[in-house]
Amino acid sequence: MTPTLLTVLLHLGALHPVEKGLTLLLAFGPFVVLGVVVAVRRRQDAATHPTSQDPSDPD
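Residues numbered from 1 in each chain as written. Predicted model: local features only at pLDDT ≥ 70, side-chain atom pairs only at ≥ 80, totals over all residues. Heavy atoms only, no water.

Peer 1: What's the story with the overall build of the chain in this structure? I'm lost.
Peer 2: In terms of regular secondary structure, the chain is built from two helices and zero strands. Across the 59 residues of the chain, 5% fall into the buried class. Of the roughly 5400 Å² of accessible surface on the chain, 69% is carried by carbon and sulfur atoms. (Helix = DSSP H or I, 4+ residues; strand = E, 2+ residues; numbered from the N terminus. Buried < 20%, exposed > 50% of the residue type's maximum accessible area, 1.4 Å probe, protein only. Areas by Shrake-Rupley, 256 points an atom, 1.4 Å probe, with all protein chains shown as cover.)

Put into structure tokens, the structure is as follows:
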């Protein structure tokens, strides 16, 4: 267990383990979901746009 996670868990106090898990999920879950959405959208955008430019193409 990392020291940061341990500090967060100790800071929460005397919660039931399920309550600790739910609290951490509510605290960090949206950031995890946002990271997944950004990664998926970047992959989709990279797949639709060509990586090399044709010098004769005006666009």
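Peer 1: Looking at this model, I keep getting lost on the pattern of salt bridges. Mind explaining?
Peer 2: Oppositely charged side chains can pair when the atoms bearing their charge come close. Evaluation of the coordinates by the stated rule reveals one salt bridge. In this structure, arginine 41 and aspartate 45 form a salt bridge, with 3.7 Å as the shortest nitrogen-oxygen distance. With arginine 41 and aspartate 45 both in helix α2 (residues 17–48), this residue pair falls four residues apart, about one helical turn. (Salt bridge = Lys/Arg side-chain N within 4 Å of Asp/Glu carboxyl O.)

Peer 1: Where do I start with α2 in this structure?
Peer 2: For the α-helix, the turn length of 3.6 residues means that residues three or four positions removed from each other point alike. With 32 residues, α2 extends 45 Å between its outermost C-alpha atoms, agreeing within 8% with the 46 Å of an ideal straight helix rising 1.5 Å per residue. Its axis deflected by about 45° at phenylalanine 28, α2 carries its strongest bend there, up to four residues before the proline proline 30. (Expected span 1.5 Å × (residues − 1). Bend = angle between axes of the 7 residues up to and from the residue.)

Peer 1: Help me out: how do you make sense of a nonpolar patch on the surface in this one?
Peer 2: A grouping of Val18, Leu22 and Leu25 is seen on the molecular surface, where their side chains present a nonpolar patch of about 290 Å² in accessible area. Position of leucine 25 among the secondary structure elements: in helix α2. (Patch = residues over 30% accessible without salt bridge, like charges linked within 9 Å, V, L, I, M, F, W, Y side chains within 5 Å.)

Note that every value here comes from positions in space, so none of it alone points to a role or purpose.
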